[in-house]
Amino acid sequence: MSVEQQQETPGTRSRQHWMGVLAKSSVEALQQRWQALSLEPEYQFIRKPETGLTMLRGRVGGSGQPFNMGEMTLTRCAVRLASGTLGVSYVSGRNCQHAITAALADALLQERSTQSLLQRELIEPLQADLEAERQQRAAQANSTRVDFFTLVRGED
């Protein structure tokens, strides 16, 4: 199966979605919801949390030539559950606990026995929090918006 075909499977899209939610969520919100679940899965580290830098790339206008915009701190982690399921995470910043919790959630979200619980109690509320934050930022930006208009001057 080619890389393009793999990216189009529904399971891959779901995993990309939940990994994005876990990575973008605040560590406080993630930890609070995780602890409320009272899950303590058996796991071993495949890759203990490691902090490093990654290069951010951009494009002018979204479609121009790529350029290196700068570096960002990133923490990654990989865990294997006792069942053999592998969970990984990449989170911005230096918070190792955020990376561990996100990797554990990723692994458990791949398990049929815990997927619906985690979707309902972890991913959906975190997604709602992220959407509320986005709307709040948009409202704040709109409150400072200035509409410029031009008056047509007559040339008498």
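Naming follows an unreviewed UniProt entry, where the protein appears as Methylphosphonate degradation complex, subunit phnG of Marinobacterium stanieri.

Caption draft 1: Summary view of the overall build of the protein. Helix and strand counts for the protein come out as five helices and three strands. Walking the protein from its N terminus toward its C terminus, one meets helices and strands in the order α-α-α-β-β-β-α-α. Residues counted as buried form 26% of the 156 residues belonging to the protein. Contacts in the protein between residues at least 24 apart in sequence constitute 54% of all its contacts with a sequence separation of at least 6.

Caption draft 2: Examining the side chain of Glu111 more closely. As for its placement among the helices and strands, Glu111 is situated in the loop between α4 (96-109) and α5 (112-143). Although buried, Glu111 forms no salt bridge, and the nearest oppositely charged side chain, Arg112, lies 9.5 Å from it. In this structure the side chain of Glu111 is engaged in a polar contact, spanning 2.6 Å, whose partner is the side chain of Ser83. A polar contact of 2.3 Å, which involves the side chain of Glu111, links it to the side chain of Thr85. Not counting residues up to four positions away in its chain, the partners in contact with Glu111 are Leu81, Ser83 and Thr85.

Caption draft 3: Spatial organisation of the pairing of strand β3 (residues 86-92). Residues Gly87, Ser89 and Val91 of β3 are buried on one face, while the alternating residues Leu86, Val88, Tyr90 and Ser92, pointing to the opposite face, are not. The sheet contact formed by strand β2 (residues 66-81) and β3 spans seven bridges and is antiparallel. Of the residues in β3, the one forming a bridge with Val79 is Gly87.

Caption draft 4: Spatial organisation of the packing of α4 against α5. Contact pair α4 / α5: the axes reach a minimum separation of 8 Å and the direction vectors enclose 135 degrees. Put simply, α4 runs oblique to α5. Counted together, Ala105, Leu108 and Leu109 of α4 and Thr114, Gln115, Leu118, Gln119, Leu122 and Ile123 of α5 form the full contact between these two elements. Looking at the contact of α4 with α5, its residues break down into six nonpolar, three polar and no charged.

Caption draft 5: Just the packing of aromatic side chains, in detail. Here the structure, examined in full by the defined rule, presents one aromatic pair. On the basis of an interplanar angle of 90 degrees and a centroid distance of 5.5 Å, the ring pair of Tyr43 and Phe45 is categorised as edge-to-face.

Caption draft 6: Highlighting unusual backbone geometry. Here Ser38, not a glycine, exhibits a phi torsion of approximately 55 degrees, which is positive. Among the structural elements, Ser38 can be located in the loop between α3 (27-37) and β1 (43-59). Relative accessible area serves as the criterion here: at 59%, Ser38 is assigned to the exposed category.

Procedures and definitions
- Residues numbered from 1 in each chain as written.
- Predicted model: local features only at pLDDT ≥ 70, side-chain atom pairs only at ≥ 80, totals over all residues.
- Heavy atoms only, no water.
- Helix = DSSP H or I, 4+ residues; strand = E, 2+ residues; numbered from the N terminus.
- Buried < 20%, exposed > 50% of the residue type's maximum accessible area, 1.4 Å probe, protein only.
- Contact = heavy atoms within 4.5 Å.
- Lys, Arg positive; Asp, Glu negative; His and termini not counted.
- Salt bridge = Lys/Arg side-chain N within 4 Å of Asp/Glu carboxyl O.
- Polar contact = N/O pair within 3.5 Å; in protein donor to acceptor, adjacent residues only side chain to side chain.
- Pairing = 2+ DSSP bridges.
- Axes fitted to C-alpha atoms, helices over the stretch in contact; angles between N-to-C directions.
- Parallel < 35°, antiparallel > 145°, perpendicular 65-115°, else oblique.
- Nonpolar A, V, L, I, M, F, W, Y, C, P; charged D, E, K, R; others polar.
- Phe/Tyr/Trp six-rings, centres within 6.5 Å; stacked < 30°, edge-to-face > 60°.

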